[in-house]
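Structural overview for review
This is what each chain is made of:
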Amino acid sequence: MSEHLILAIETSCDETAAAVFKSGSGVLSSVLFSQIELHRAFGGVVPEIASRSHLEKIGPIVQEALTTAGVSLDDITDIAITTKPGLPGSLLVGLAFGKALAFAAHKRLVGVDHLEGHIFSSCLENKVPFPHLCLAASGGHTSLYCVHDFGAYKTVGHTLDDAAGEAFDKVAKLMDLGYPGGPIIEKLAHEVGNKDFFNYPRGSKSSCNMSFSGLKTAVLYDLVEKGAYNMNSKTFLKPADAVLKQHVASSLLVCIADIFKQKLALALELFPQTQAITFVGGVACNQFIRNQLAAWSTKNKRAFFSPSPKYCGDNAAMIALVAQYKAQQGQYASLDLDIL
Ligand code: KG4
Ligand code: ZN
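Attention in this report is confined to the structure presented alongside it. For every chain, the first residue of the written sequence is number 1, and numbering continues from 1 onward in sequence order. Chains and ligands are labelled by the order in which they are written, letters from A for the one and numbers from 1 for the other. Selection of residues for local features in this predicted model requires a pLDDT of at least 70, selection of side-chain atom pairs for listing and counting requires 80 or more, and totals for whole chains, interfaces and linings are taken over all residues. To obtain the side-chain values, all non-hydrogen atoms of the structure were used and water was disregarded.

For the purposes of this section, nonpolar cores are sets of buried Ala, Val, Leu, Ile, Met, Phe, Trp, Tyr and Cys residues that join through side-chain atoms within 4.5 Å. Burial here depends on accessible area, computed with a 1.4 Å probe over protein chains only, as a share of the maximum for the residue type. Under 20% is buried, over 50% is exposed, and the range in between is partly exposed. Within the largest apolar cluster, 53 residues are counted, with the highest numbers of intra-cluster contacts made by Leu 223, Phe 260 and Ile 289. Counting only elements with at least two residues in this core, the list comes to strand 6 (132-137), strand 7 (142-149), helix 5 (164-174), helix 6 (181-191), helix 7 (213-225), helix 8 (242-270), strand 11 (276-280) and helix 9 (287-299). The element that contributes the greatest number of residues to this core is helix 8, accounting for 15 residues. Should any heavy atoms of two residues lie within 4.5 Å, those residues are considered in contact. In contact with Ile 289, other than residues within four places in its own chain, are Phe 168, Leu 253, Ile 256, Ala 257, Phe 260, Phe 279 and Val 283. Residues Phe 21, Tyr 145, Met 318 and Ala 323 belong to the second largest nonpolar core, which totals 30 residues. Here a helix means four or more residues in a row that DSSP labels H or I, a strand means two or more in a row labelled E, and each is numbered from the N terminus.

Bringing unusual backbone geometry into the picture now. In this structure, the amide linkage connecting Lys 84 to the following residue, Pro 85, adopts the cis form with an omega of -25°. Along the chain, Pro 85 falls in the loop between strand 4 (78-84) and helix 3 (88-105). Residue Pro 131 is reached from Phe 130 by a cis peptide bond, and omega for that bond is -10°. Here Pro 131 shows up in the loop between helix 4 (114-120) and strand 6. The phi angle at Lys 234 is positive, at roughly 50°, despite the residue not being glycine.

Any two strands with at least two DSSP bridges between them are considered paired. As summarised here, the arrangement of the 5 strands in space is 3-2-1-4-5, forming an open sheet in which the pairing is mixed. A strand with exactly one partner marks an edge of an open sheet, and here the two such strands are strand 3 (26-34) and strand 5 (108-113). This sheet shows a mean twist of 20° between the axes of neighbouring strands, independent of strand direction. Against the sheet, helix 2 (residues 47-69) touches strand 1 (5-10), strand 2 (15-22) and strand 3, its axis set at about 25° to strand 2. Strand contacts of helix 3: strand 1, strand 4 and strand 5, with the helix running at about 155° to strand 4, the strand carrying the most contacts. To get an axis, fit a line to the C-alpha atoms, keeping to the stretch in contact for a helix; angles then go from 0 to 180 degrees between the N-to-C directions.

Each regular strand carries side chains that alternate between the two faces of the sheet. Burial runs high along strand 6: 6 of the 6 residues are buried. Where burial is concerned, the two faces of strand 6 agree: the one with His 132, Cys 134 and Ala 136 and the one with Leu 133, Leu 135 and Ala 137 are both buried. With 6 bridges connecting them, strand 6 and strand 7 associate as antiparallel partners. When the bridges of strand 7 are listed, Cys 134 appears paired with Tyr 145. Here strand 6 hands over to strand 7 after 4 residues, the two strands then running antiparallel side by side.

Strand order in this open sheet of 5 strands is 8-7-6-11-12, and the pairing throughout is mixed. Of all strands in the sheet, those with a lone pairing partner are strand 8 (152-158) and strand 12 (303-305), marking the two edges. If you compare each strand with its neighbour and ignore which way they point, the axes differ by 20° on average. With 5 bridges connecting them, strand 6 and strand 11 associate as parallel partners. Across the sheet, Leu 135 pairs through a bridge with Phe 279, a residue of strand 11.

For the rest of this paragraph, the subject is the site of ligand 1. Here a residue is near a molecule or strand as soon as one of its heavy atoms is found within 4 Å of it. If you check the shell around ligand 1, you find 17 residues, and the closest are Gly 139, Asp 169, Gly 182, Glu 186 and Asn 286. For ligand 1, an oxygen atom lies 2.8 Å from a polar atom in the backbone of Gly 139. Whenever two N or O atoms come within 3.5 Å, that pair is a polar contact, provided that in protein one can donate a hydrogen and the other can accept it, and provided that, for residues adjacent in sequence, both atoms are side-chain atoms. Between ligand 1 and Asp 314 there is a distance of 3.2 Å, counted from an oxygen atom to a side-chain nitrogen or oxygen. Residue burial considers only the protein chains on display, and all accessible areas are found by Shrake-Rupley using a 1.4 Å probe. The fraction of the free accessible surface of ligand 1 (550 Å²) that becomes covered by protein chains is 87%. Elements supplying a minimum of two residues to the shell around ligand 1: helix 5 and helix 6. Sort the elements by how many residues they give to the shell around ligand 1 and helix 6 lands first, with 4 residues. Tallied by class, residues from the shell around ligand 1 come to 5 nonpolar, 9 polar and 3 charged. Asp, Glu, Lys and Arg are counted as charged, while Ala, Val, Leu, Ile, Met, Phe, Trp, Tyr, Cys and Pro are counted as nonpolar; the rest, among them Gly, fall into the polar class.

Turning next to the coordination of the zinc ion (ligand 2). Water is not among the atoms examined, so metal sites may look incomplete; donors are the N, O and S atoms within 2.8 Å of the metal, or within 3.2 Å for Na, K and Ca. Only His 114 (NE2), His 118 (NE2) and Asp 314 (OD) from the protein coordinate the zinc ion (ligand 2), and they sit 2.1 Å from it. Each donor residue of the zinc ion (ligand 2) belongs to the same chain, and together they define the spacing H-x3-H-x195-D. Remark: Asp 314 occurs in the loop between helix 10 (309-312) and helix 11 (317-328) and His 114 occurs in helix 4; sequence separation between them is 200 residues.

Shown next as C-alpha cells:
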C-alpha cells in the first residue's frame with residue numbers, strides 16, 4: 001500500500017477547515033475556524049458572509065494544519081478538497097485555494113463528497129465493521145445509508161424537506177432561544193429530564209424517509225394553541241415562561257430521537273446483515289440522542305459508533321480519510337476539478 005500524506009480542505013458551509021492525515025498513522029492535525037459568531041445575528045448562515053470569511057481564513061488555517069502536524073507543504077503528497085454539496089461560493093474558495101496549491105507545488109488532487117466525509121467520519125477513531133447502517137444528521141442533510149465499504153454505500157432514506165438540525169434551529173428561532181438551536185434545545189431538555197410533555201407527531205412509520213418541516217409546523221401550531229405565539233406578527237408571546245421553553249425543547253428532542261429509532265428499526269428490517277449502527281453529523285453531538293441510539297443498538301444486538309464531537313460537525317479530517325481511500329484507488333482529479 002503506497003504512503004500518502006494528505007492535506008484536506010473543507011469549506012462547504014460555515015467552517016473553514018484543514019487537516020493533515022498520514023496513511024498508516026491517521027489524523028496528524030485537524031483545525032478549523034467556525035463562523036458561528038458571524039452568522040448568529042441572522043439566525044442562520046448568510047452565504048455571502050460565509051464566502052468572504054473563508055477567503056480571509058483559508059490561508060492561515062491551512063498553514064496552522066501543516067504547522068500543527070509538524071510537516072511542510074513539500075512533504076504533502078495529495079491535496080483533498082470538498083467539491084459538493086454545499087454553498088457554491090464557499091466551496092469555490094476551498095477549491096480555488098486547493099487547486100492553486102496543487103498546481104504551484106505539484107501535488108495530486110482528490111475531490112471529495114462532503115456527505116461521504118460524514119458517512120466515514122465514524123471510522124476516524126474506530127474500526128467500524130461493514131456493512132453497517134449510518135444515520136447522518138446535520139443542519140443541511142439528514143439521511144440513512146447502508147454502508148458496505150469505503151466508496152460503496154446506498155441511501156436507504158432521506159429527509160423529504162428540512163434536515164433534523166434545521167428542526168432544532170427553527171424551533172429555537174420560534175422561541176427566540178438563539179442560534180444554533182441544537183445545543184440550546186439539548187440544555188433546556190436536560191433541565192427537565194428529557195421527558196416528553198407534548199407528544200409531537202412522529203410521522204410515517206412505513207418508510208425510511210423522514211420529514212422534519214411538518215414537525216416544526218406541529219410545534220408552531222401547538223404554541224399558537226397555547227397562546228404562546230402570534231402568527232400574524234410572528235412573535236413569541238411568552239419569553240419569560242422558562243418552563244414552557246423547557247417542555248417544548250424536551251418534547252422536540254424526545255420526538256426526534258424517537259423518529260431516528262423508528263427509521264433505524266425499519267432499515268434494520270430491510271438490511272438485517274448490517275453489523276453496526278453509526279450516528280454522524282452535527283446533530284450527533286447531542287448526548288441524549290447518542291445515548292438513546294446506543295441503547296437501542298445494544299437492544300438490537302448491534303455495535304454502536306459515533307465520532308467524538310470534534311468530528312461530528314464539519315471538519316477536514318473526515319475529508320482526508322475519504323481522500324486516502326480514493327488516492328489508494330487512484331481516483332485522482334485533474335486541475336479542471338469543479339464544484340458540483
Ligand atoms: O454538521 P454541522 O456542524 O453543519 C452542517 O453541515 O449543517 O451541523 C450543524 C447542525 C445545526 O443544525 C445544529 O443545531 C445541530 O447541528 N447541532 C445539534 C447539536 N449541536 C449541533 N443538534 C442537536 N443537539 C446538539 N447538541
Ligand atoms: Zn456537514
